[in-house]
Amino acid sequence: MNELIAETLIEHDDAATAATRMHQDHEEFLVSPAEENTWQFRLHYGSISMELRDRRLKIRVFAADETCLSYMKMDVAHHMQEYLGSTEGISWSGDGNTSTVPVFFREITVVSSERITPHMQRLRFSAENIARFAVGGFHVRILIPPQGRTPVWPTVSGDGLLNWPQGEDALTVRIYTIRSIDVERGLFDIDFVLHPGLETPAALFAQTAQSGDVIGMIGPGGENVPEAANVMLFGDDTALPAISRMLDNLPEDRRAEVYIEVNGPEDVQALPAKNASLRWLFRAGRPAGTTGLLSETLRKIDPSTLPEDIYVWAGCEFSDFKEIRKIVRKEWGIPKERQLVVAYWRRGAEGDEARKEAA
Ligand SMILES: Cc1cc2nc3c(=O)[nH]c(=O)nc-3n(C[C@H](O)[C@H](O)[C@H](O)COP(=O)(O)OP(=O)(O)OC[C@H]3O[C@@H](n4cnc5c(N)ncnc54)[C@H](O)[C@@H]3O)c2cc1C
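Residues numbered from 1 in each chain as written. Predicted model: local features only at pLDDT ≥ 70, side-chain atom pairs only at ≥ 80, totals over all residues.

A.B. asks: Before we move on, can you summarise the site of the ligand with the specific residues and values?
C.D. replies: Around the ligand, a shell composed of 27 residues is seen, among which Thr177, Val193, His195, Gly197 and Ala202 lie nearest. The set of elements that each furnish at least two residues to the shell around the ligand consists of strand 11 (172–182), strand 12 (187–193), helix 3 (201–208) and strand 18 (339–345). At four residues, the largest contribution of residues to the shell around the ligand is made by strand 11. Each residue belonging to the shell around the ligand can be placed in one class, and the counts come to twelve nonpolar, nine polar and six charged. Shared between two domains, the shell around the ligand takes at least three residues from each, and those domains are domain 2 (105–221) and domain 3 (230–355). (Near = placed C-beta within 6 Å. Helix = DSSP H or I, 4+ residues; strand = E, 2+ residues; numbered from the N terminus. Nonpolar A, V, L, I, M, F, W, Y, C, P; charged D, E, K, R; others polar. Domains from an automatic or database assignment.)

This is the structure in structure tokens:
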């Protein structure tokens, strides 16, 4: 695939400070060796090169497609905003969409709604041009507009940042997983856990959605199938769609051992299990995120019996996430490149708040 390139030139008295902070804060992404006053970073969605001459900082971003290029522009703009106090002077030229509609945004329409198990609602959505959402990560952010108002969607400005509607038009943003996608028919499914809580905008939306309802979506991003011959997957109901997607896409020569926590046998789903062993753990009426069932299961495993190349993945509530990460990293000593433990939600916290301390 051809590489896309965009660039911007920032002239600022603090350009040298911004360049220093950028490479010091992100040492792990630096590609060495760097020439004097030039730096190159390789990231998940593309790469960045930065060249400092006096008070001029030339930044170029490189990516395989427009979505990733937009993510890279946004990433640079966020950092410059932090280091220079604003994005003034950032104006991208070169490749990439010049429209104010972000290339990674879609308006999506509910086609059907089905209760697939007592605590899981499957919404089928239709949208135009969704091929890009079938690759490059399973997750999206859904944007729920305020009830009864015509939606106002985010736009992208010349510096690469999103402008979010404010006040009465503010959107509720939540992360979900595309459970399955049919690019040709322009349809995809998202499975929503129907969980308790006083205000639960996404769960409530799922419970009450009607065919024809319109919300927004940006993405995709995040996880793919772990690149390892042997994987262990741990998750609660919120991670069930991601685990299902991983199993769907698991090549035949790989094996997965899977542990999923749900309320009870009535919440068990049929998952692709050709080359996987599945075990279900039941909360039996105890509130989600309080049982420690997943970490208890990990503790029963003797790490010396695991294949050398094991990859451990987990998606769950914040306190489970902390415990599982401790076991995997500290007690089992699995290297960083062979594990990913993610907080999908946090008791008492809404949306992205759940992941504030989870980095
Ligand atoms: C990468 C990623 C992928 C995800 N994929 C999915 C998915 O495919 N399906 C899915 O259902 N969820 C998924 N989640 C989790 C989902 O984003 C959160 O559960 C989210 O908080 C739900 O939003 P809400 O508006 O319903 O509730 P919020 O407004 O965020 O929270 C309101 C209250 O509900 C509680 N709460 C939130 N989620 C749960 C829960 N599951 N059980 C019990 N209490 C809860 C909160 O602690 C809070 O007290 C994913 C999260 C991440 C990070």
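A.B. asks: Provide a residue-level description of the pairing of strand 7 (residues 120–126), including the pertinent values.
C.D. replies: Sheet analysis places strand 6 (residues 105–117) next to strand 7, joined by seven bridges and oriented antiparallel. Among the inter-strand pairings, Val110 is bridged to a residue of strand 7, identified as Phe125. Remark: two residues form the turn of the hairpin made by strand 6 and strand 7, two consecutive strands paired antiparallel. (Pairing = 2+ DSSP bridges.)

A.B. asks: Account for the domain arrangement of the protein chain, naming residues and giving values.
C.D. replies: Once the domains are mapped, the protein chain shows domain 1 (4–94), domain 2 (105–221) and domain 3 (230–355). Computed over C-alpha atoms, the centres of domain 2 and domain 3 are 24 Å apart. Domain 2 puts 13 residues into the contact, and the matching count from domain 3 is 13 residues. Looking at side-chain class alone, the side of domain 2 that touches domain 3 contains six nonpolar, four polar and three charged residues. (Contact = placed C-beta atoms within 7 Å.)

A.B. asks: Before we move on, could you go through the sheet that holds strand 12 and cite the residues and values that matter?
C.D. replies: As a general point, the strands of a sheet are linked pairwise by backbone hydrogen bonds and lie either parallel or antiparallel. If you walk around this closed barrel you meet the six strands as 6-7-12-11-8-13, and the pairing is antiparallel. Between one strand axis and the next, the sheet turns by 45° as a mean value, whatever way the strands run. One ladder, built from six bridges, connects strand 8 (residues 139–144) with strand 11; its direction is antiparallel. Bridge pairing links Arg141 to Ile175 in strand 11. Those strands touched by helix 4 (residues 240–248) are strand 11 and strand 12, and its axis lies near 30° from that of strand 11. (Axes fitted to C-alpha atoms, helices over the stretch in contact; angles between N-to-C directions.)

A.B. asks: Can you tell me about the sheet that holds strand 3 (residues 47–53), naming the residues and giving the values?
C.D. replies: The antiparallel open sheet is built from five strands, whose spatial order is 2-3-4-1-5. Here the strands that pair on one side only, and so sit at the sheet edges, are strand 2 (38–42) and strand 5 (93–94). Its contacts with the sheet put helix 1 (residues 15–25) on strand 1 (4–11), strand 2, strand 3 and strand 4 (56–63), and the angle it makes with strand 3 is roughly 145°. Relative to the sheet, helix 2 (residues 66–84) contacts strand 1, strand 3 and strand 4, its axis offset from that of strand 4 by approximately 150°.

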